[in-house]
Amino acid sequence: ETVVAAIVELRRRAAHQMRARIATIADGIYHGVAYVDSDGVVDEPLEIRLIVEKKGDTLTFDFAGSSPPCAGPMNSVLATTHSSVYLAMRHIFPDVPISAGAFEPLVIRRPEGTFLDAHYPRPVSGCAAEVSQRIAEAVFSAMVKALPDKVTAAPAGSSGNFGLGGFDPARNRPFVLYQLSGGGYGGNADHDGLSNGCSTIGISKSPPIEIMEQNYPILYRHYALREGSGGAGRHRGGMGLAYEIELLRGDARASFVMDHGRYGPQGAEGGADGAVNTVTVWRNGEAHVPKHLSKEQDVPMRAGDRVSVETPGGGGYGDPFQRRPEAVLEDVRLGYYTAEQAAKLFGVAIVDGRIDQDATRRLRAR
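As the structure is a prediction and not an experimental result, all values here were calculated from the model.

## Re the packing of aromatic side chains
Phase 1 of the analysis: Per the stated rule, a full pass over the model turns up eight aromatic pairs.
Phase 2 of the analysis: Seen from their ring centres, Y220 and Y223 are 5.9 Å apart, and the 75 degrees between their planes marks the pair as edge-to-face.
Phase 3 of the analysis: Y220 gets classed as buried once you look at its relative accessible area, which sits at 8%.
Phase 4 of the analysis: With a centroid separation of 6.4 Å and an interplanar angle of 50 degrees, the aromatic rings of Y220 and Y243 are classed as tilted. Highlighted residues: Y220 in strand 7 (residues 218–226) and Y243 in strand 8 (residues 240–247), separated in sequence by 23 residues.

Now the structure itself:
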C-alpha cells in the first residue's frame, strides 16, 4: 500500500510540475512543420504539419494537416506518434520527473487519415527510428516560437541506419554489419550544439571502428567530424559525422534508412539550417547516389567498392552575424569552418589566423 501510494504521489507531482511549466507559455497557437525525405517508394517528401494550442496549463497537439498514408515503410503507428511528442517535451522540460503524470497535460488529437496513424497492413518499419525524430522536430519547430530561450534548433534527427550484408570468403561465413551514426545537435539560446551526438530518440552509436574492422571484411578509410555541417547562428549547430567504408573482400549488399537528405535540420531564431545527409556508393570507381537520397536497399557491392556517408549537422540558433568573432576564430582554428566560410556565414574576416577588425565591421555592416 505504501509503494502504491508513493507511485500515485509521484505521478501527481509530475503532472503538477509539467502544468506549472506549461503555464509559463503565452496562450496561443503555434505552428510547426517537418519533412520526411520520402517513403522510400514514392520520391516525394512527406509533410508533418503540427498546430499546438496552448491554453492555461494544457498543450494540445494536432497533426491533421500531415500527409496521407504512404506506400513505403515510413508510416507511424499511433503509439510512436504519441511517444514522439512525449519525447520532444522531455527534451524541452528535462527537469520534470518522467512518469505518466508528466504527460497528462499533453493532449494529442488522433491524426486520422494521415501517415502518422498507420493501420494494418501499412508498412511501419521506419517509424520508430526515423519518423519519430521528424515528429519531434515538428514539436521543436512549434515550441521554439513559444519558448525561444528554452528550445533548441533542430538536431540531426536521424539514426543513420546503414546495413551491409554479405559473405566473407576469408572466414567462410556470412556477415551482417549494422551501423548507427551520430549527428549534430541544434544550437540554443545558451550554447552551441553538440557535435556527433546520438539520435534524438536514443543513446546508441556504433562500436569503435577497430572493433568493426576486426569483425567484418571492411576498412574505414576515414571517420571524422563533418567540417562545415553545423548551421550558422549566434550559437552554431553541432557538426555531423563523415565516414567511408571499403569492402575488402567478397560480395555484399548495402541498405540505408536515414533522413534529412532533402532538407537539413531547421535553424531557429534566424539561424541557418544544418547540412543535409548524403550517401554515396562508389562501385567500380563510379559514384552512385540513391534516388531517394537517404534511403535505398540491396545496393550490390564487390571488393574495393566503398560507401561514403555524411550525417547532418544541427541547425543554428540566432543571427549568425551576432556570433562573437572570437568564437568564429576558434571554429576556424579547430577546422569546423574555413576562413572563407567564416566571412560568408558569420561576417568575420580572418587573415593569417587573426581577426581583421576593420574588414569584419565592413562585412557585418552590409
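## Section: the sheet that holds strand 11 (residues 286–288)
Phase 1 of the analysis: Here five strands make up an open sheet; going across it, the order is 7-8-13-10-11 and the pairing antiparallel. Since the sheet does not close on itself, it has two edges, and those belong to strand 7 and strand 11, each with one partner. Across this sheet, the average inter-strand angle for adjacent strands is 15 degrees, counted without regard to direction.
Phase 2 of the analysis: With five bridges joining them, strand 10 (residues 278–283) and strand 13 (residues 306–310) adopt antiparallel strand pairing. Note that in strand 13 the partner of V279 across the bridge is V309.

## Topic: the environment of A136
Phase 1 of the analysis: Looking at where A136 falls in the secondary structure, it is placed in helix 4 (residues 127–146).
Phase 2 of the analysis: Accessibility expressed as a relative area gives 0% for A136, which makes it buried.
Phase 3 of the analysis: A C-alpha to C-alpha distance of 20 Å links A136 and K295, two positions 159 residues apart in sequence.
Phase 4 of the analysis: Residues within four places of A136 in sequence aside, it is in contact with S84, L87 and A88.

Calculation rules
Residues numbered from 1 in each chain as written. Predicted model: local features only at pLDDT ≥ 70, side-chain atom pairs only at ≥ 80, totals over all residues. Heavy atoms only, no water. Phe/Tyr/Trp six-rings, centres within 6.5 Å; stacked < 30°, edge-to-face > 60°. Buried < 20%, exposed > 50% of the residue type's maximum accessible area, 1.4 Å probe, protein only. Helix = DSSP H or I, 4+ residues; strand = E, 2+ residues; numbered from the N terminus. Pairing = 2+ DSSP bridges. Axes fitted to C-alpha atoms, helices over the stretch in contact; angles between N-to-C directions. Contact = heavy atoms within 4.5 Å.

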